[in-house]
Amino acid sequence: MNQEKARKGVVQISEVANGLIDPVLAKRAGINTMLLGSWDEIAGPEFADCTRPEKIAWPRRASEMGGEGGHQPGVLTVACEGARALFLTHAQGELIQRINGFFGFHAIGQVRIVQKPVAAPRPFRRSRPLVGEPARKLEAMVEGVENEALKAALRRLGTAVFSSRPKRS
């Protein structure tokens, strides 16, 4: 019972973060964290890994679109990698239906596709320590260097050079 009382005032950090991030995303890009978080399901398995929603451009006034008031759908800008953008263009109608189904109303009328890298850069990978003859050769090369910082940098460089795979011709 004490745990229930203690948990009553607990708020998840994701709720706090979404509360802070959503207004900024809405103002700058017209999207929210729910759309970003659900993008993999919306885009489907064929486009989840190569696309990312960037922004939604909402019309300023309904009169600009020639309408008689009411809601006007926006334009979603989607970043897509390389040649997959062509396939996304052909599946654009289905994507619009999925997005509008997510929102629960006719929110998006058009998708604008921008070709750019979507995947996060691969993390830096450290080289494995050298063993045997390459390790002895590297130590002989840096033996005369007195500055320890320079020696460590040369060891890292030498390890990367000596551990790289030979190029095939």
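Here the residue index of a chain counts from 1 through its sequence in written order. Only residues with pLDDT of 70 or above have their local features reported here, since the model is predicted, and side-chain atom pairs are shown and tallied only from 80 upward, although totals for entire chains, interfaces and linings are computed over all residues. The side-chain quantities take in all heavy atoms of the structure and omit both hydrogens and water.

Could you give an account of the overall build of the protein chain, with specific residues and numbers?
Along the backbone of the protein chain there are eight helices and three strands. Strands are runs of DSSP state E lasting at least 2 residues, helices are runs of H or I lasting at least 4, and numbering of each runs from the N terminus. Listing each helix as α and each strand as β along the protein chain from the N terminus yields α-α-α-α-β-β-α-α-β-α-α. With 169 residues in all, the protein chain has 25% of them scored as buried. In this description, accessible areas are obtained by the Shrake-Rupley approach with a 1.4 Å probe, and a residue is regarded as covered only by the protein chains that are shown. Carbon and sulfur atoms make up 55% of the accessible area of the protein chain, which totals about 13000 Å². Note on exposure labels: buried denotes an accessible area under 20% of the residue type's maximum, exposed denotes more than 50%, and partly exposed covers the range between, all computed with a 1.4 Å probe on protein chains only.

Before we move on, could you go through the sheet that holds strand β1 (residues 51-57) and cite the residues and values that matter?
Judged by pairing direction, the sheet is mixed, and its three strands sit side by side in the order β1-β2-β3 without closing on themselves. Where the open sheet ends on each side, the last strands, each with one partner, are β1 and β3 (108-115). The mean inter-strand angle of the sheet, taken between neighbouring strand axes irrespective of direction, is 25°. Across six bridges, β1 lies against strand β2 (residues 74-80) in antiparallel orientation. What sits directly across from arginine 52, in β2, is alanine 79. Contacts were defined at the residue level, with two residues in contact if any of their heavy atoms lie within 4.5 Å. Axis lines are fitted through C-alpha atoms, for helices just across the contact stretch, and the angle between N-to-C directions can take any value from 0 to 180 degrees. Contacting β1, β2 and β3, helix α6 (residues 92-103) crosses the sheet at an angle of about 120° to β3. Any two strands between which DSSP finds at least two bridges are classified as paired.

Spatial relationships are all this shows, so hold off on functional conclusions.
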